[in-house]
Amino acid sequence: MKQVYGKILSLILLIALVSCKKDNNKNQEEATNQSQPNIVVIYADDLGFGDVSSYGSTELKTPNFDRIANEGIRFTNGYATSPTCTPSRYSLLSGTYPFRTKRAQVLPGNAPLLFELGKQTLPSMLQQAGYKTGVIGKWHLGLGDANMDWNKKIAPGPLEIGFDYAYIMASTNDRVPSVYVENHKVVGLTAEDPIYVSYQKNFEGEPTGRENPELLKVHPSHGHDMSIHNGISRIGYMKGGKSALFIDEDMNNDFLKASIKYINKNKNNPFFLFYALHQPHVPRVPHPRFVGASGLGPRGDVIVEADWAVGRFLDELDKLGLSENTIVIFSSDNGPVLDDGYKDDALEKNGKHTPAGGLRGGKYSLFDAGTHVPFMIRWKGAIKPGVSDALVSQMDFTASFAALTGQDNTTPDSKNILDAFLGKSDKGREGLILGQNNIMAYRHGDWVLIPPHKGNKMTNKWVNIETGRDTVYQLYNLKEDRAQQHNLAETHPEKLEALIQALELEKQ
């Protein structure tokens, strides 16, 4: 009988030990998931604060962007660092203000890589933390060196700053070369038909939009009248590489398919994906199934197209069982613009839609709509849905996710505001410099300072956006005057002086 009781007791202890071990393994797995969630940044191009229905758009519906906002945190004070794309993208990935790098401005399509090799970036930091890192979509941060041959190995590029995989548009969709680059090679390029690129002069015998408008299906309004590809003239000159040229109508599908393939390949380990949409940047050429989808012309149609793609991507996360442990961020590189170089009826068909959402300015502007953008974060397993007024910047992803994953942040300007990103605090940054090349504004709390800047008060007659430049100081309280109609610089001299000093400290 004692032997029987002994065996029963041993069996009970064994079951308890196995159960305890399973619980410990589960707890360890949950702890690992909390410290190493997948991270996806979905980055729109020229999407305004008012272009998203969860931010108040009534004329343009974006149900899939809204899924992220409604299932996560919608930030009312979320910012890109610059009112143009290259500087904003640089800051997001480098954790560095664009004004610290003279070349951090809108780059030509054949510009060398913008980053200084060996310095920490968001992808290299996450790579150190054990993540697989990928970038898919628009790049526009330079590739190679000053003498880069597009027919050979294209380096340095994304792989040299911390990405394991890259499938990118070489520059922008309105600049040559009109090709994709996968890792170090132009996709689809053959030795029999090499590609040549120049931003100085055209190649003999090649048609241009300026000289051959009869070949165009989309006509330029200003600039964008050089080499023709797919019935659209671009900025810059290009020859050859016919088998490698992208088709604008297919670009959304191309980037979506590559992004879905990437997360499927890396579903069993923590991954970071920078999924950089090209919409609604010009030229706006939606796939035929989205033509007319918005009722607002091609600009609205490509936003609807992008929203659909984001929905398909989120569906794939659900299908793979990854949604609970994936941080999904959605934002834009700068504010909106209607006519940005092509006659696509963006102005004529805009109707009652307000891309800036009541903010002043737009793309290229020091006024708030230039950098104040849609900004939302979802982590279904950890973030409680809600709305936050915290001041947050895309530049702070590096420091914040370094804190999350147990890494050191060595970038100069990124700040750890992880609690704000996760909805645990309503306090984000104290202050944020907005702009590039010492042409800047400064957001601090509810206030915005715009120092005096020489130059035109308006962009060119086609773009027709206020630049925000003036010969006097401008001071606005965004809480009371979000449209920036009342300059308080003269009536609030103490606040003006305090912000001037705070800006100088932030620049150091």
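Residues numbered from 1 in each chain as written. Predicted model: local features only at pLDDT ≥ 70, side-chain atom pairs only at ≥ 80, totals over all residues. Heavy atoms only, no water.

Engineer: Could you give me a rundown of helix H6 (residues 297-319), with the residues and numbers involved?
Structural biologist: With 23 residues, H6 should reach 33 Å at 1.5 Å per residue; the first-to-last C-alpha distance of 33 Å fits that figure. With 17 of its 23 residues buried, H6 lies for the most part within the structure. (Helix = DSSP H or I, 4+ residues; strand = E, 2+ residues; numbered from the N terminus. Expected span 1.5 Å × (residues − 1). Buried < 20%, exposed > 50% of the residue type's maximum accessible area, 1.4 Å probe, protein only.)

Engineer: Lay out the pattern of salt bridges with the relevant residues and their values.
Structural biologist: According to the stated counting rule, one finds 23 salt bridges in the structure shown. Taking the shortest distance from any N to any O, the salt bridge between Lys 363 and Asp 340 comes out at 3.1 Å. On the criterion of sequence distance, the pair formed by Lys 363 in the loop between strand E12 (326-332) and strand E13 (375-378) and Asp 340 in the loop between E12 and E13 is long-range, its members being 23 residues apart. Exposure remark for Lys 363: the relative accessible area of 4% places this residue in the buried category. The exposure class of Asp 340 is buried, given its relative accessible area of 5%. Salt bridges linked by common partners bring Asp 45, Arg 89, Lys 138 and Asp 333 together as one network. (Salt bridge = Lys/Arg side-chain N within 4 Å of Asp/Glu carboxyl O.)

Engineer: Tell me what's going on with the pairing of strand E17 (residues 447-450), and back it up with residues and numbers.
Structural biologist: Burial of the side chains of E17 extends over both faces: Trp 447 and Leu 449 are buried on one face and Val 448 and Ile 450 on the other. Examined bridge by bridge, strand E16 (residues 439-444) and E17 share three bridges and lie antiparallel to one another. Paired with His 444 across the two strands is Trp 447, which belongs to E17. Remark: two residues form the turn of the hairpin made by E16 and E17, two consecutive strands paired antiparallel; Gly 445 in that turn has positive phi of roughly 60°. Strand direction decides the pairing type here: E17 and strand E18 (residues 474-477), joined by four bridges, are antiparallel. Bridging from a neighbouring strand, Trp 447 pairs with Asn 477 of E18. (Pairing = 2+ DSSP bridges.)

Engineer: Break down the sheet that holds strand E5 (residues 180-182) for me, with residues and values.
Structural biologist: An order of E6-E5-E4-E3-E11-E1-E12-E13-E2-E14 is seen for the 10 strands of this open sheet, with the pairing classed as mixed. Looking at which strands have only one partner, the edges of the open sheet turn out to be strand E6 (185-186) and strand E14 (386-393). Pairing analysis gives six bridges linking strand E3 (residues 132-138) to strand E11 (residues 271-276), with the strands arranged parallel. Residue pairing for E11: Gly 134 is matched across the bridge by Leu 273. Taken strand by strand, helix H3 (residues 85-94) contacts strand E1 (38-44), E3 and E11, and its axis lies near 170° from that of E1. Relative to the sheet, helix H7 (residues 397-405) contacts E1, E12, E13 and E14, its axis offset from that of E12 by approximately 175°. (Contact = heavy atoms within 4.5 Å. Axes fitted to C-alpha atoms, helices over the stretch in contact; angles between N-to-C directions.)

Engineer: Residues and numbers for the sheet that holds strand E15 (residues 431-436), please.
Structural biologist: The strand order across the open sheet built from four strands is E15-E16-E17-E18, with neighbouring strands paired in antiparallel fashion. Because the sheet does not close on itself, it has two edges, and the strands there are E15 and E18. Taken over all neighbouring pairs, the strand axes of this sheet differ in orientation by 15° on average, direction set aside. On the sheet, helix H9 (residues 493-507) packs against E15, E16, E17 and E18 and is oriented at approximately 110° with respect to E16.

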